[in-house]
Amino acid sequence: MDFWPEFLATSWGKEFVAGGFGGSAGVIAGYPLDTLRIRQQYATGGSAFAICRQVLAAEGLGSLYRGMAAPLASVTFQNAIAFQSYAVLSRAIDNTAAPDDPPSYRGVVLGGISTGAIQSLVLSPVELVKIRLQLQTTAADRLKGPIAVARSIYRSEGVKGMYRGLAVTILRDAPAHGVYFWSYEYMRETLHPGCRKNGQESFRTMLLAGGLAGVASWICCYPLDVIKTRIQANSQKYSSIADCFRRSVKEEGYNVLWRGMWTAVARAFVVNGAIFTAYETALRCLFNNNGNHLNAKD
């Protein structure tokens, strides 16, 4: 009975709950654009508007939210890992900053890279299930939920199948998170000098810094995201990351590596603006506006 009050009294507990709020806000805000991004990456052509019209006409509005239960169910745990790993590693890797000062930018980058690699262990199977659901088009497939899809993958491919695409997920997320956290910290300090230490930036600063950080991180890793989508969408077609790259480029040209990028960029701004705003707001409420929370950020 006393677990939650004691848990929320710790910085870990506050970061966990705030991360859950932030992650949930991001998933809900950007999921329709995420579905369009996945469909663009896996299709052989078509703009986001054309695919959106086609999906709405053939499958209805609900299809844009298909598979959302999987990331929504895991987002609290996933964000707890991301924010806590970043908070600890950004200081542990580079301990030159004073205890009362925010982590150095070097610590931010290295902590972000390490966080991205660690988070991939949770994110990879979740995104595998999500992608399979987002690409379902037949009436029979639409009856399946995330648990049914996960069970089907496990039965046919085992544990190895559940982690299909793990290597490319790490290659995508490790550097992307380094860019992500550095961009956020740099932009919020630029827009609101001193806020990295006092934590009192405005909502506009949170939205802009979070949105721009998301855009920067997606642009730097986007070709790898296309490869990851294709590998996880079809377990039989590609034997490796290199094979997927060669065959995709050979069949569709180098432009395939950037297909759907503008949809991803628009989604990244919306999602990450929502994540950081919800996260920082929740932390302020949980810490009663005393500004002593860890300067950790996703």
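In this text the structure is predicted, and so the values were computed from the model without any measurement.

Caption draft 1: Region of the structure containing the overall build of the protein chain. Scanning the protein chain for helices and strands turns up 12 helices and zero strands. Starting at the N terminus and walking to the C terminus, you meet the elements of the protein chain as α-α-α-α-α-α-α-α-α-α-α-α. By the compact-globule yardstick of 19 Å for 298 residues, the protein chain fits well, its C-alpha radius of gyration being 19 Å. Judged by the C-alpha coordinates and their principal axes, the protein chain covers about 55 × 45 × 35 Å. Counting every position in the protein chain, which comprises 298 residues, the buried fraction comes to 51%. Accessible area for the protein chain stands at about 13500 Å²; split by element, carbon and sulfur atoms hold 65% of it. Counting 30 positive and 21 negative side-chain charges, the protein chain places the centres of these two groups 9 Å from one another.

Caption draft 2: Structural context of the packing of helix α10 (residues 203-233) against helix α12 (residues 261-286). Packing of α10 against α12 leaves a shortest axis separation of 7 Å and a crossing angle of 140 degrees. As summarised for this structure, α10 and α12 are arranged oblique, according to the angle between their axes. The chirality of how α10 crosses α12 is right-handed. In the contact of α10 with α12, the residues fall into 16 nonpolar, seven polar and three charged.

Caption draft 3: Molecular detail of the side chain of E127. Mapping E127 onto the fold places it in helix α5 (residues 105-134). Of the polar contacts made by the side chain of E127, one reaches the side chain of K228; its length is 2.5 Å. The contact partners of E127, leaving out residues within four places of it in the chain, are R172, K228 and Q232.

Caption draft 4: Spatial organisation of the nonpolar core. Ranked by size, the top nonpolar core spans 10 residues in total: A176, V215, W218, C221, Y222, V226, M261, A264, V265 and A268. Every element with two or more residues in this core is listed here: α10 and α12. At five residues, the largest contribution of residues to this core is made by α10.

Caption draft 5: Expanded view of the pattern of salt bridges. A full pass over the atoms with the stated rule returns 21 salt bridges. Measuring nitrogen to oxygen at the nearest pair gives 2.9 Å for the salt bridge that ties R66 to E59. Its relative accessible area of 12% is what places R66 among the buried residues. Where R172 meets E127, a salt bridge forms, and the shortest distance between an N and an O atom there is 3.3 Å.

Caption draft 6: Just the packing of helix α8 (residues 166-191) against α12, in detail. Here α8 crosses α12 at 65 degrees, and the two axes come no closer than 13 Å. Classified by the interaxial angle, the pair formed by α8 and α12 is roughly perpendicular. Here α8 runs over α12; the crossing is right-handed. In contact with Y180, Y184 and R188 of α8, α12 contributes N272, F276 and E280. Looking at the contact of α8 with α12, its residues break down into three nonpolar, one polar and two charged.

Caption draft 7: Structural detail: the side chain of Q40. Among the structural elements, Q40 can be located in helix α2 (residues 11-42). Among the polar contacts listed, one links the side chain of Q40 to the side chain of T263, at a separation of 2.6 Å. When sequence neighbours within four positions are dropped, the list of residues in contact with Q40 reads G46, S47, A48, I51, R259, G260 and T263.

Procedures and definitions
- Residues numbered from 1 in each chain as written.
- Predicted model: local features only at pLDDT ≥ 70, side-chain atom pairs only at ≥ 80, totals over all residues.
- Heavy atoms only, no water.
- Helix = DSSP H or I, 4+ residues; strand = E, 2+ residues; numbered from the N terminus.
- Rg over C-alpha atoms; globule rule 2.2 N^0.38 Å.
- Buried < 20%, exposed > 50% of the residue type's maximum accessible area, 1.4 Å probe, protein only.
- Areas by Shrake-Rupley, 256 points an atom, 1.4 Å probe, with all protein chains shown as cover.
- Lys, Arg positive; Asp, Glu negative; His and termini not counted.
- Charge placed at Lys NZ, Arg CZ, Asp CG, Glu CD.
- Axes fitted to C-alpha atoms, helices over the stretch in contact; angles between N-to-C directions.
- Parallel < 35°, antiparallel > 145°, perpendicular 65-115°, else oblique.
- Left-handed = near helix turned anticlockwise from the far one by under 90°.
- Nonpolar A, V, L, I, M, F, W, Y, C, P; charged D, E, K, R; others polar.
- Polar contact = N/O pair within 3.5 Å; in protein donor to acceptor, adjacent residues only side chain to side chain.
- Contact = heavy atoms within 4.5 Å.
- Core = buried A, V, L, I, M, F, W, Y, C linked by side-chain atoms within 4.5 Å.
- Salt bridge = Lys/Arg side-chain N within 4 Å of Asp/Glu carboxyl O.

So yeah, pure geometry; function would need other evidence.
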